[in-house]
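Fold and geometry: a report
The primary structure of each chain is shown beneath.
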Amino acid sequence: MTSKPLRLLFVSTPVGPLGTGLGGGVELTLYNIAQEMIRRGHQLQIVAPSDSTWDSLPVVQIPGNLQIIAQSQERTDPITMPENSVLANMWDYARQVQGEYDLIVNFAYDWLPLYLTPFFQRPIAHLISMGSLSNALDQIIRQVATQFPSTIGFHSLAQAATFVLDEQFFCLSNGIDVSLYEFCAQPKQQLAWVGRISPEKGLEDAIAVAQITHIPLKIMGKLQDKSYWEQIRQNYPNAPFEYLGFLSTSQMQQVVRQCRALLMTHRWVEAFGNVAIEALACGVPVISYRRGGPAEIVKDGKTGFLVEPDSIPGLVNAVSRLDEINRHTCRASAETEFSLEALGDRFEQWFMEILNF
Ligand code: UDP
């Protein structure tokens with residue numbers, strides 16, 4: 001804990017209001033860091049798109065049109081913004097109030113806040129939430145990393161490696177309030193898949209596992225790409241899966257903890273994978289492709305299995321070995337490595353480094 005309370009301005013993702021799930025893991029990440037910073041006595045204000053539904057935290061709601069998600073664009077696409085952009089509006093607000101804060105923290109995976117960094121009087125910490133997807137964004141991240149040392153933060157080394165930075169960066173991992181996730185020693189014969197339903201998440205591979213093993217799959221998460229979902233349903237008319245919708249953390253963990261494992265079947269370099277640590281907190285082993293952040297979270301053979309990427313037989317084999325995993329070891333891993341306290345320490349250290357305290 002730092003001796004001096006900081007005045008922090010958190011600027012959220014422009015792809016959706018907080019509480020809708022459109023922002024993916026960024027929402028839970030922002031929520032958890034905000035809570036922990038307040039608990040530690042820091043002064044905090046969050047800036048987010050209108051219709052954000054978090055009542056328990058101080059949110060300034062900013063109107064404007066949402067940003068298109070980066071995952072749906074090509075690597076060489078130019079940077080685009082809609083008219084009356086909520087991204088631009090949030091950063092205009094940040095510009096106006098910056099004098100009241102010590103540090104601004106950017107949670108957007110977007111070019112604009114990085115570009116604006118030298119134009120601000122206050123330092124900006126940029127938490128980058130996805131791997132490299134856009135040439136223009138890569139370039140501006142590299143530029144900011146050179147001009148403003150240590151201001152770039154990543155969640156995992158695998159994610160950071162996609163940007164090929166020579167400069168120093170921070171690796172912040174992630175964390176959750178483990179007390180909100182209940183341990184379950186005796187699961188039902190069912191598997192879980194949790195995440196945004198969008199092609200980069202590879203849901204169809206988890207459904208293929210359900211079809212082959214005849215173990216029902218419980219699917220939870222924001223339906224982000226409806227045509228992708230319809231295609232999957234047509235391709236697997238007889239697989240035993242059930243879509244439960246986008247659930248609150250409390251409802252989600254009630255289902256996840258009763259599952260034998262969480263399947264992570266992502267096609268991209270997952271920056272972290274919040275859902276992995278949420279499952280572990282319930283004592284649920286994680287079976288994941290050995291790709292991106294989850295490969296730094298899951299201990300192969302101890303808290304789950306890491307499988308050759310895109311191998312459905314590999315996933316099926318891991319499911320057959322689930323009895324080898326001790327669910328208490330999974331819970332313990334979440335408690336020691338991914339607690340809110342551990343997360344708060346890492347973030348404070350990052351902020352202090354930027355502020356030269
Ligand atoms: N999530 C949720 N309810 C659901 C399914 C998912 O709140 O029914 C949240 C989950 O807690 C996690 C996020 O959605 O924080 C997914 O984040 P992750 O880091 O796994 O992937 P991303 O969406 O960022 O690619």
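That block above? That's the structure.
The sections below set out a description of the structure shown in this document.

Turning to the pattern of salt bridges, a few remarks are in order. All told, the structure shown has 21 salt bridges when counted by the stated rule. One connected set of salt bridges, linked through shared partners, spans Glu36, Arg39, Arg40, Asp345 and Glu348.

All right, on to the side chain of arginine 331 then. Take arginine 331: it is sitting in helix α12 (residues 327-337). In this structure arginine 331 comes out as buried when scored by relative accessible area, which is 16%. Filtering out sequence-adjacent residues up to four positions away, arginine 331 remains in contact with Val178, Tyr181, Glu182, Phe183, Leu280, Ala281 and Gly283.

It is worth spelling out the packing of helix α6 (residues 203-213) against helix α11 (residues 312-320) at this point. Two elements in contact, α6 and α11, have axes separated by 10 Å at closest approach and are oriented at 55°. Relative to α11, α6 is oriented oblique. For the element pair α6 and α11, the recorded crossing hand is right-handed. Only Ile312, Leu315, Val316 and Val319 of α11 make contact with α6, whose side of the interface consists of Asp205, Ala208, Val209, Ile212 and Thr213. Of the residues assigned to the contact of α6 with α11, the class counts are 7 nonpolar, 1 polar and 1 charged.

As a further point, take the site of the ligand. As a structural note, the neighbourhood of the ligand is formed by 18 residues, with Gly25, Arg196, Lys201, Leu247 and Glu278 the closest of them. For the ligand, an oxygen atom lies 2.7 Å from a polar atom in the side chain of arginine 196. Between lysine 201 and the ligand, the recorded distance is 2.6 Å, taken from a side-chain N or O atom to an oxygen atom. Contributing elements (two or more residues each) for the shell around the ligand: α1 (25-39) and α9 (274-281).

Let us look at the state of the cysteines. This model, assessed by the stated rule, comprises 0 disulfides. Cysteine 259 takes part in no disulfide bond, and the closest cysteine sulfur, belonging to cysteine 184, lies 9.0 Å away. Not part of a disulfide, cysteine 282 finds its nearest cysteine sulfur in cysteine 184, a span of 8.5 Å. Among the residues examined, cysteine 282 registers a relative accessible area of 0% and is labelled buried.

Quick look at the nonpolar core now. Core analysis: the largest hydrophobic core is formed by 59 residues, its most contacted members being Leu191, Leu203, Leu217, Leu262, Leu263 and Ile287. Not counting the four nearest positions on each side in its chain, leucine 263 is found in contact with Leu191, Ala192, Trp193, Ala206, Val209, Leu217, Ile287 and Val319. If you look at the next biggest cluster of nonpolar residues, it comprises 30 residues, including Leu18, Trp54, Phe107 and Leu127.

In this structure the tally under the stated criterion is 14 aromatic pairs. Taking 5.2 Å as the distance between ring centres and 20° as the angle between the ring planes, the aromatic pair formed by phenylalanine 154 and phenylalanine 163 counts as stacked. A centroid spacing of 6.0 Å and a plane angle of 70° characterise the contact between tryptophan 229 and phenylalanine 241, whose relative ring orientation is edge-to-face. One end of the pair, tryptophan 229, is in helix α7 (residues 226-235); the other, phenylalanine 241, is in strand β10 (residues 241-243), and 12 residues separate them in sequence. Overall, tryptophan 229 belongs to the buried group, its relative accessible area being 5%. Taken together, Phe170, Phe347, Trp350 and Phe351 form an aromatic cluster joined through their ring pairs.

For the rest of this paragraph, the subject is the packing of α6 against α7. Between α6 and α7, the shortest axis-to-axis distance is 11 Å and the interhelical angle comes to 20°. Of the possible angle classes, the one that applies to α6 and α7 is roughly parallel. Seen along the crossing, α6 lies across α7 with a hand that is right-handed. Contact residues: Leu203, Glu204 and Ile207 in α6; Tyr228, Trp229 and Ile232 in α7. Residues of the contact of α6 with α7, tallied by class, amount to 5 nonpolar, no polar and 1 charged.

Consecutive side chains of a regular strand alternate in pointing toward one face of the sheet and then the other. Side chains Val286 and Ser288 of strand β12 (residues 286-289) all project onto a buried face; the interleaved residues Ile287 and Tyr289 project onto the opposite face, where all are buried too. Taken together, the 3 bridges between strand β11 (residues 261-264) and β12 define a ladder with parallel strand orientation. Note that in β12 the partner of leucine 263 across the bridge is isoleucine 287. The parallel pair β11 and β12, bridged by α9, forms a crossover whose chirality is right-handed. Sheet topology places β12 next to strand β13 (residues 304-307); 4 bridges connect them, and they run parallel. Among the inter-strand pairings, valine 286 is bridged to a residue of β13, identified as glycine 304.

Each value, and the rule that gives it
- Residues numbered from 1 in each chain as written.
- Predicted model: local features only at pLDDT ≥ 70, side-chain atom pairs only at ≥ 80, totals over all residues.
- Heavy atoms only, no water.
- Salt bridge = Lys/Arg side-chain N within 4 Å of Asp/Glu carboxyl O.
- Helix = DSSP H or I, 4+ residues; strand = E, 2+ residues; numbered from the N terminus.
- Buried < 20%, exposed > 50% of the residue type's maximum accessible area, 1.4 Å probe, protein only.
- Contact = heavy atoms within 4.5 Å.
- Axes fitted to C-alpha atoms, helices over the stretch in contact; angles between N-to-C directions.
- Parallel < 35°, antiparallel > 145°, perpendicular 65-115°, else oblique.
- Left-handed = near helix turned anticlockwise from the far one by under 90°.
- Nonpolar A, V, L, I, M, F, W, Y, C, P; charged D, E, K, R; others polar.
- Near = heavy atom within 4 Å.
- Polar contact = N/O pair within 3.5 Å; in protein donor to acceptor, adjacent residues only side chain to side chain.
- Disulfide = S-S within 2.5 Å.
- Core = buried A, V, L, I, M, F, W, Y, C linked by side-chain atoms within 4.5 Å.
- Phe/Tyr/Trp six-rings, centres within 6.5 Å; stacked < 30°, edge-to-face > 60°.
- Pairing = 2+ DSSP bridges.
- Right-handed = clockwise from strand over helix to strand, strands pointing away.

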